[in-house]
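Summary of the model geometry
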Amino acid sequence: MEITAIAVITLIISTLLLKCSGMATSIFNLESSVFCDLSDRIDLECSTEVTDVRNLVHCASFCDSDASCIGVSFDKNRRCFLHQECPMISGCTVEDSSTLSMTKYCKHGTWNATSSSCVCVDGFWGDNCSQCYAGCHDLIGAGYSQGHHRVYLDPEHYGMNPFLVQCYVSPGASSYSSVQLLKNQGFENFNRTWLDYVKGFYYDTDNMWTGLHAWHQLSKVGGCNKLNYLFALETSGLFQTLDNFKLEGRETKYKFSFDGVFQSQTYGVFPLPPNSSYDSCFDPLQNFRFSTWDSDHDESSDENCAARTGSGWWFSSTCDNYCNFPGYGFQFWGDKPDYQLLSLSGANFSEFSSQNAHVAVFLHC
Ligand SMILES: [Ca+2]
């Protein structure tokens, strides 16, 4: 009750400040040349009217109980509007118009009353925690320590359309960063829905999937086109890099493509049959669409490959999942039963302790 009262008072003060600052009814945003019009926002369902509202304070009480509400307006016709973020109107934010008269502090963070400032979370920064970095490498300049950090990135808009990723950064003279798209030690359930794979999911640092939307954004506008993958066993492993990697968007079901293997190397005693080398296990996946058990876009008209193999992936007409990194365990090789989860021709993972094995896919920008 007390918190609500404080929020309402804050609203009134903010409102008065904005009104006293002499802003016009609507503001032309010179920087982006976007006219912020309330009717546009209503058409786009970014603003909604609440009826039977007595006054501005009453109007604000609806905003306070709605997490998506970033401001209210109460006009001379006694109409109350609640306003949400409106990414469809690029460059037009709630601050641009005096009709949208309240800005909640700390969009991605919490207010620290002692320092009278926002404490931002998830990689956001700025006075009200509304901005985020374009890429993982920016974290180094921002003072992040060596290791994994789960943060929001937005290569194009610096906060308008952020997506969550896991960055690995290593500051220092030869600083390094990468985006961890997938890591899996083989014990968590990766048999997840289409929505999970699009948005991403997370168990811990070593068992996670960054959403396909992020893969797409990073390869399209983030300049991240070197796809690396690693099979790491106890003391040995296989590492390959694909050049000019590209993941298309939702319209083509996240079609996968790349130009070729840029680099391939093994270390330790990675299980390699005599006189042979590993091809890229991504080679057979060129131009395939992504599939999950509840959204079948594979190349097989008879099978739901994702349901059969127990994870989302890019599948061929025979449901071979090749280097299917989301697999449960790494002990299998030889004939391929339906639950085949990681098959790398010739590699006998059972010879190794699977406890310390992991697979990883990451992007270098
Ligand atoms: Ca199918």
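Residues numbered from 1 in each chain as written. Predicted model: local features only at pLDDT ≥ 70, side-chain atom pairs only at ≥ 80, totals over all residues.

Backbone geometry at C129 places phi at a positive 55°, although glycine is not the residue there. Within the element layout of this structure, C129 appears in the loop between strand 7 (117-120) and helix 4 (138-141). A positive phi angle, near 65°, is found at N287, a position not held by glycine. The topology assignment puts N287 in the loop between strand 17 (260-267) and strand 18 (290-291). (Helix = DSSP H or I, 4+ residues; strand = E, 2+ residues; numbered from the N terminus.)

Turning to the nonpolar core, a few remarks are in order. The biggest cluster of nonpolar side chains holds 53 residues, and the ones touching the most others in it are C167, V179, L227, W314, F315, V361 and L363. If near-sequence neighbours (up to four positions away) are discounted, C167 is found in contact with C136, L139, H148, H149, V151, S177 and V179. Listed in part, the 11 residues of the second largest apolar core include C69, I70, F81 and L82. (Core = buried A, V, L, I, M, F, W, Y, C linked by C-beta atoms within 7 Å. Buried ≥ 20, exposed ≤ 12 C-beta atoms within 10 Å, placed from the backbone. Contact = placed C-beta atoms within 7 Å.)

Pairing within the open sheet is antiparallel, and its three strands lie in the order 3-5-4. Here the strands that pair on one side only, and so sit at the sheet edges, are strand 3 (47-50) and strand 4 (69-74). When the angles between neighbouring strand axes are averaged without regard to direction, this sheet yields 25°. Relative to strand 5 (residues 80-84), strand 3 runs antiparallel, the two being bridged by four bridges. Residue T48 lies in a different strand from strand 5, and its bridge partner there is L82. Helix-sheet contacts for helix 3 (residues 56-64) involve strand 3, strand 4 and strand 5, and the interaxial angle to strand 4 is about 160°. (Pairing = 2+ DSSP bridges. Axes fitted to C-alpha atoms, helices over the stretch in contact; angles between N-to-C directions.)

Counting all residues, the mean pLDDT for the protein is 76, and 72% of those residues have values of 70 or more. Between residues 1-35, whose pLDDT stays under 50, and residues either more than four places distant or in other chains, the model counts 44 contacts. The low-confidence segment residues 94-103, where pLDDT is below 50, has 42 contacts with residues more than four positions distant or belonging to other chains. (pLDDT = per-residue confidence, 0-100.)

Our focus in this paragraph is the environment of G200. In this fold, G200 is placed in strand 11 (residues 200-204). A sequence separation of 14 residues divides G200 from A214, and the C-alpha atoms of the two residues are 8.5 Å apart. Apart from residues no more than four positions distant in its own chain, G200 is found in contact with L164, W209, T210, G211 and A214.

Mapped onto the fold, T110 is located in strand 6 (residues 109-112). C-beta crowding within 10 Å serves as the criterion here: with 12 such atoms nearby, T110 is assigned to the exposed category. Spatially, the C-alpha atoms of T110 and C129 are 9.0 Å apart, while their sequence positions differ by 19 residues.

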